[in-house]
Amino acid sequence: MIYLDNAATSYPKPKTVLVALQDYIENVGASPGRSGHQLATSAGRILYQARKALTRLFQLSDPGRIIFTENATAALNLALFGLMRPGDRVLTSTLEHNAVMRPLRRLEKLRNITVDILPGTATSHYDLNLLEQWCDQKKYRLAVINHGSNIIGSLAPLQAMLPILKEHNIISVIDGAQSAGAHPINLSTLDPDIFCFTGHKSLYGPPGTGGLYIKEGIEPEPLIYGGTGSRSETEYQPEFMPDKYESGTPNTLGLAGLKAGLEFIEGTGIRNIIEHEKGLADKLRRNLKNIPGITLYEPRPDDERLPVISFTIAGLSPSEIGYRLDREFAIMTRIGLHCAPRAHQSIDTFPQGTVRLAPGYFNNAEEIERTIKAISIIAGGHHG
């Protein structure tokens with residue numbers, strides 16, 4: 001089997017992640033912050049160490065600014081519902097995932113907000129001149145930006161975009177679901193107001209893990225209220241971080257796995273991981289371009305990009321291509337609209353979508369060669 005669906009969920013996980021999950025079940029198992037006994041203390045230590053690992057990865061200083069949620073979607077919902085007020089105006093782009101667009105569409109009805117969508121295409125993630133023009137002309141409360149496209153792999157130029165938003169006092173919310181762990185990220189330098197991430201993609205954690213960084217001075221309203229294990233004498237939600245946003249018993253099992261995934265990244269070296277994945281993705285792109293009938297959807301040649309490749313084959317639907325890759329060649333891909341229909345409209349692949357290949361650290365060159373050969377056979381009309 002060749003697994004090339006790492007943009008959805010990374011697989012396999014490092015063996016240390018499996019060990020961490022088993023160790024928690026067998027030797028910890030308690031709720032963090034809910035008692036003073038040694039197992040509860042061990043559980044609390046896991047959460048703190050996971051926060052510390054994230055602050056190192058994102059080059060931050062305060063672990064308390066990291067809030068855990070079950071995924072990036074929950075983190076984005078916390079940010080958007082927690083910050084948008086009735087009548088506000090928000091800026092976003094055509095390349096957003098439904099984890100952004102569906103909350104915004106709900107807020108249109110619920111709070112009468114206005115959503116402005118900055119155009120983006122396969123060859124240009126964002127138009128910086130248009131961004132500045134709109135920020136000059138319109139009064140935005142917030143901008144939500146897709147850092148890495150889950151379809152074409154393009155990376156938003158945050159170094160250029162965030163100062164424009166800051167100059168206009170616009171709160172910046174970054175969707176880092178695809179980029180966290182797959183691209184070096186220095187949040188101290190970039191200085192966004194909120195950065196959302198998921199654990200199950202390039203951070204090598206299990207599903208059900210993720211979170212967000214919230215800059216000091218930014219205070220969204222919590223989505224969930226309840227027990228935090230702290231200030232139990234009051235019926236009112238704590239106002240301090242991270243407890244303000246972490247009600248209920250956390251997914252300590254999953255976060256033990258996430259901690260191990262983050263430690264794997266540190267031990268391996270994020271740049272080593274990125275270079276390996278980039279080499280595999282570049283090999284795919286170079287060879288796919290030479291196969292007759294294939295259309296590749298990608299950023300401009302000099303743009304930074306993630307190891308995410310989308311393509312179509314003339315005369316074949318993405319579902320047929322994906323089915324044959326799976327059943328005839330045991331190659332796992334992602335087909336369709338990838339939960340981002342407007343992004344597919346921008347590259348003229350709506351409503352059929354594309355076939356997406358997303359190599360990961362545990363893939364190798366031989367698997368890429370076999371994938372290229374399989375796609376060539378399918379494109380040539382042969383049977384595997």
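Calculation criteria
Residues numbered from 1 in each chain as written. Predicted model: local features only at pLDDT ≥ 70, side-chain atom pairs only at ≥ 80, totals over all residues. Heavy atoms only, no water. Pairing = 2+ DSSP bridges. Helix = DSSP H or I, 4+ residues; strand = E, 2+ residues; numbered from the N terminus. Axes fitted to C-alpha atoms, helices over the stretch in contact; angles between N-to-C directions. Contact = heavy atoms within 4.5 Å. Polar contact = N/O pair within 3.5 Å; in protein donor to acceptor, adjacent residues only side chain to side chain. Salt bridge = Lys/Arg side-chain N within 4 Å of Asp/Glu carboxyl O. Phe/Tyr/Trp six-rings, centres within 6.5 Å; stacked < 30°, edge-to-face > 60°. Lys NZ or Arg CZ within 6 Å of the ring centre and 35° of its normal.

## Some thoughts on the sheet that holds strand β8 (residues 210–214)
Taken together, 7 strands build an open sheet; the order of strands is β2-β8-β7-β6-β5-β3-β4 and the sheet is mixed. Edge positions in the sheet fall to β2 (66–69) and β4 (114–118), since each has one partner strand and no second. Ignoring which end each strand starts from, the neighbouring axes of this sheet average 20° apart. As paired strands, strand β6 (residues 171–175) and strand β7 (residues 194–198) are joined by 3 bridges and run parallel to one another. Note on β7: the bridge partner recorded for D175 is C196. Helix-sheet contacts for helix α5 (residues 128–137) involve β3 (89–93) and β4, and the interaxial angle to β4 is about 155°.

## Remarks on the environment of Y140
Within the secondary structure, Y140 sits in the loop between α5 and β5 (142–146). For the pair Y140 and I170, spaced 30 residues apart in sequence, the C-alpha separation works out to 6.0 Å. If sequence neighbours within four positions are ignored, Y140 has contacts with R89, V90, L91, D116, W134, C135, N169 and I170. A distance of 2.8 Å separates the side chain of Y140 from the side chain of D116, its partner in a polar contact.

## Some words on the pattern of salt bridges
Going through the model one piece at a time under the given rule, you end up with 23 salt bridges. For the salt bridge of R105 with E108, the shortest nitrogen-to-oxygen distance reads 3.0 Å. One end of the pair, R105, and the other, E108, are both in helix α4 (residues 98–111), 3 residues apart, so they sit about a helical turn from each other. Beyond isolated ion pairs, a larger network of salt bridges with shared partners links K278, D282, R285, K289, E298 and R305.

## A look at the sheet that holds strand β12 (residues 334–336)
Read from one edge to the other, the open sheet built from 4 strands follows the order β9-β10-β13-β12, with strand pairing classed as antiparallel. Every other strand in the sheet has two partners, leaving β9 (294–297) and β12 as the edge strands with one partner each. Mean inter-strand twist for the sheet, computed between neighbouring axes without regard to direction, equals 30°. Sheet analysis places strand β10 (residues 309–313) next to strand β13 (residues 354–357), joined by 3 bridges and oriented antiparallel. Bridging from a neighbouring strand, F311 pairs with V355 of β13.

## Examining the packing of aromatic side chains
Scanning the entire structure with this criterion turns up 8 aromatic pairs. Seen from their ring centres, Y3 and Y11 are 5.2 Å apart, and the 65° between their planes marks the pair as edge-to-face. Connected via pairs of aromatic rings, a cluster forms that spans Y204, F264, Y361 and F362. One cation-aromatic arrangement involves K138 over W134; the distance from NZ or CZ to the ring centre is 4.2 Å.

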